[in-house]
Amino acid sequence: MFYSVPSRLIGHRLRVRLYDDRLECFLGATPLLTLRRGQPQSSGKHGHVVDYRHVIHALRRKPMALLNLVYREQLFPRSPYRRAFEALLAGDGEKQACRTIVGLLALAHNRACEAELAEAIDAELDGGRLPDLDALGRRFAAVPAAIPDVTVEVTPLHLYDELSTVQLVGAA
């Protein structure tokens with residue numbers, strides 16, 4: 001089986017506990033993540049358990065790598081993303097299809113809107129339209145009003161000098 005983990009773990013040795021349904025990964029004694037346990041395919045090929053969040057940053061640098069990726073089918077988190085890729089391949093060509101679907105996966109990852117984006121992609125495909133990355137990017141963009149305005153009051157530095165000159169009274 002082939003499993004993906006976050007890139008921050010490159011170079012680290014993980015301890016893995018195997019269970020029937022999951023793998024629990026530890027760095028030393030610290031639990032890091034739990035992965036669902038994959039099963040090899042009946043054809044004898046190795047199976048893949050891949051989370052798109054683990055490889056999206058590499059795909060953003062080289063989106064055309066998606067075209068011949070061995071675990072491409074396991075990469076898509078939901079069926080609308082797979083449908084969109086197939087429709088984009090048929091309509092826009094390989095290069096644009098790869099760029100668009102990698103952009104959609106990055107949008108789902110960065111904005112934490114995987115399910116909502118899948119519904120929007122489904123609606124576009126059901127309407128006979130290809131997903132438009134720019135339009136969906138605007139639709140799922142961060143709302144500036146939703147970001148709270150935080151005011152930080154900085155303590156004047158001279159108070160630290162006064163604090164360091166304070167002596168304990170009554171200590172002998």
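Residues numbered from 1 in each chain as written. Predicted model: local features only at pLDDT ≥ 70, side-chain atom pairs only at ≥ 80, totals over all residues. Heavy atoms only, no water.

Caption draft 1: Molecular detail of the sheet that holds strand β3 (residues 22–27). With respect to topology, three strands assemble into an open sheet ordered β2-β3-β4, the strand pairing being antiparallel. Across the chains shown, the open sheet's two edge strands, defined by having one partner strand only, are β2 (15–18) and β4 (30–36). Between one strand axis and the next, the sheet turns by 25 degrees as a mean value, whatever way the strands run. Bridge analysis of β3 against β4 gives six bridges, and the strand direction is antiparallel. Bridge pairing links Phe26 to Pro31 in β4. (Pairing = 2+ DSSP bridges. Helix = DSSP H or I, 4+ residues; strand = E, 2+ residues; numbered from the N terminus. Axes fitted to C-alpha atoms, helices over the stretch in contact; angles between N-to-C directions.)

Caption draft 2: Highlighting a nonpolar patch on the surface. Residues Val150, Val152 and Val154 make up a contiguous nonpolar surface patch of about 340 Å² in total accessible area. Among the structural elements, Val152 can be located in the loop between α6 (133–139) and α7 (158–164). Owing to a relative accessible area of 65%, Val152 belongs among the exposed residues under this scheme. (Patch = residues over 30% accessible without salt bridge, like charges linked within 9 Å, V, L, I, M, F, W, Y side chains within 5 Å. Areas by Shrake-Rupley, 256 points an atom, 1.4 Å probe, with all protein chains shown as cover. Salt bridge = Lys/Arg side-chain N within 4 Å of Asp/Glu carboxyl O. Buried < 20%, exposed > 50% of the residue type's maximum accessible area, 1.4 Å probe, protein only.)

Caption draft 3: Geometry of the packing of helix α3 (residues 79–92) against helix α4 (residues 94–111). It is at 7 Å that the axes of α3 and α4 come closest, and there the two elements cross at 155 degrees. When the axes of α3 and α4 are compared, the pair comes out roughly antiparallel. Our pair here, α3 against α4, has a crossing hand that is right-handed. Across from Tyr81, Ala84, Phe85, Leu88, Leu89 and Asp92 in α3, the residues of α4 making contact are Glu94, Gln96, Ala97, Cys98, Thr100, Ile101, Leu104, Leu105 and Ala108. Classifying every residue of the contact of α3 with α4 by side-chain character gives eleven nonpolar, two polar and two charged. (Parallel < 35°, antiparallel > 145°, perpendicular 65-115°, else oblique. Left-handed = near helix turned anticlockwise from the far one by under 90°. Contact = heavy atoms within 4.5 Å. Nonpolar A, V, L, I, M, F, W, Y, C, P; charged D, E, K, R; others polar.)

Caption draft 4: Summary view of the pairing of β3. Examined bridge by bridge, β2 and β3 share four bridges and lie antiparallel to one another. Across the sheet, the residue bridging to Leu18 is Leu23, located in β3. The antiparallel hairpin formed by β2 and β3 contains three residues in its connecting segment.

By themselves, these observations are geometric and do not establish any function.
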